[in-house]
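# Coordinates in review
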Amino acid sequence: ARPRPGRGHGHGGRRWYPAAAGLARLRGGVLALLAGARGLRRRAVLRHRSFDWNDGLFDVTWSENNEHVLITSSGDGSLQIWDIAKPKGPLQVYKEHTQEAYSVDWSQTRGEQLVVSGSWDQTAKLWDPAVGKSLRTFKGHEGVIYSTIWSPHIPGCFASASGDQTLRIWDVKAPGVRLVIPAHQAEILSCDWCKYDENLLVTGAVDCSLKGWDLRNVRQPVFILLGHTYAVRRVKFSPFHATLLASCSYDFTVRFWDFSKPNPLLETVEHHTEFTCGLDLSLHKCGQVVDCAWDELVKIYTPSCLAAAV
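Residues numbered from 1 in each chain as written. Predicted model: local features only at pLDDT ≥ 70, side-chain atom pairs only at ≥ 80, totals over all residues. Heavy atoms only, no water.

### Description of the sheet that holds strand E8 (residues 101–106)
With antiparallel pairing, the four strands of this open sheet are ordered in space as E8-E9-E10-E11. At either margin of the open sheet sits one strand with a lone partner, and together these are E8 and strand E11 (136–139). With strand direction ignored, the average angle separating the axes of adjacent strands in the sheet is 20°. The pairing of strand E9 (residues 115–119) with strand E10 (residues 123–127) spans four bridges and is classified as antiparallel. Looking across to E10, one finds that Ser 117 is bridged to Lys 125. (Pairing = 2+ DSSP bridges. Helix = DSSP H or I, 4+ residues; strand = E, 2+ residues; numbered from the N terminus. Axes fitted to C-alpha atoms, helices over the stretch in contact; angles between N-to-C directions.)

Right, dumping it as structure tokens:
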């Protein structure tokens, strides 16, 4: 078993390379598409299709207008477009980042087909999958970018979270960064946009905390959630409940929160034996959660706190 990391993301002079996953598992340069994963044991998960790449894959996002198309980001700095209906290699490869492409996200707002990627080269890049090169490069971060995510409300607006301890808001039509938020005194590994409030975001960091930010007044967080004992790797707002969110951590746990309550921690789930690094909440089935970890397991389940909230 791998040792637990320290509170710093780069514990002991090493950097950790956890794979992120939504509805796919990324490991060792293999993208595995999964179906029929009703149980929680490894043998209950059916591998639908897999694709090989020559470097580690760090993130994946589905196309918003084609159910067969997705994009992955890789340790060699490239992005790969895949069509799951075609058995061979990627449809296209974009190679512009000079270091690991750690995050990728497809815009969810109607009327635009835009992808944003974030890299350890401290830049974010804007892509149109129909164009063979990036449309724009966003510079300003002074550390590696761990997370880039589009606003689900505002076309052309995305957020980025970085090892420079800041959360930044960008507009693809504006010349520079719109807003810089010194959100933590530690590396920020994840951020997410509230589905019910265009001004509310959450960050998760190496300091083990989650913080909520109202873009209209960023002098103080609107909430701080404490409980994780190691770095927070991923945080996600619920698509069905305005004040619910989930987080996963290198402490092997997934935690569910309601920031509107005096005691916000609703439930702690510890069903992995190694770093829990990927997490998402289903847009289609209320209360259903998927997570993944370095124990090579993807688990799909409904925690009791979300079952009660359905």
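We are not done yet, so read on.
### Brief notes about the pattern of salt bridges
In total, this model carries five salt bridges according to the counting rule given. Note that Asp 192 is salt-bridged to Lys 195, the shortest N-O span being 3.0 Å. You can call Asp 192 buried: its relative accessible area is 2%. For Lys 195, a relative accessible area of 28% translates into the label partly exposed. When the shortest N-O distance is used, the salt bridge between Arg 216 and Asp 214 registers 2.9 Å. Note on Asp 214: relative accessible area 16%, which makes it buried. (Salt bridge = Lys/Arg side-chain N within 4 Å of Asp/Glu carboxyl O. Buried < 20%, exposed > 50% of the residue type's maximum accessible area, 1.4 Å probe, protein only.)

### Focus on the sheet that holds strand E15 (residues 177–181)
Spatial strand order, E12-E13-E14-E15: four strands in an open sheet with antiparallel pairing. Looking at the sheet topology across the chains shown, the edges are occupied by strand E12 (145–150) and E15. Going from strand to strand, the sheet's axes swing by 20° on average, the running direction of each strand aside. Relative to E15, strand E14 (residues 167–171) runs antiparallel, the two being bridged by four bridges. Across the sheet, Ile 169 pairs through a bridge with Leu 179, a residue of E15.

### Comments concerning the environment of Glu 67
The topology assignment puts Glu 67 in the loop between strand E4 (57–62) and strand E5 (69–74). Judged by its relative accessible area of 63%, Glu 67 is exposed. In this structure, the C-alpha to C-alpha distance between Glu 67 and Ile 84, residues 17 residues apart in sequence, is 8.8 Å. With sequence-adjacent residues up to four places away left out, Glu 67 is seen in contact with Trp 62 and Ile 84. (Contact = heavy atoms within 4.5 Å.)

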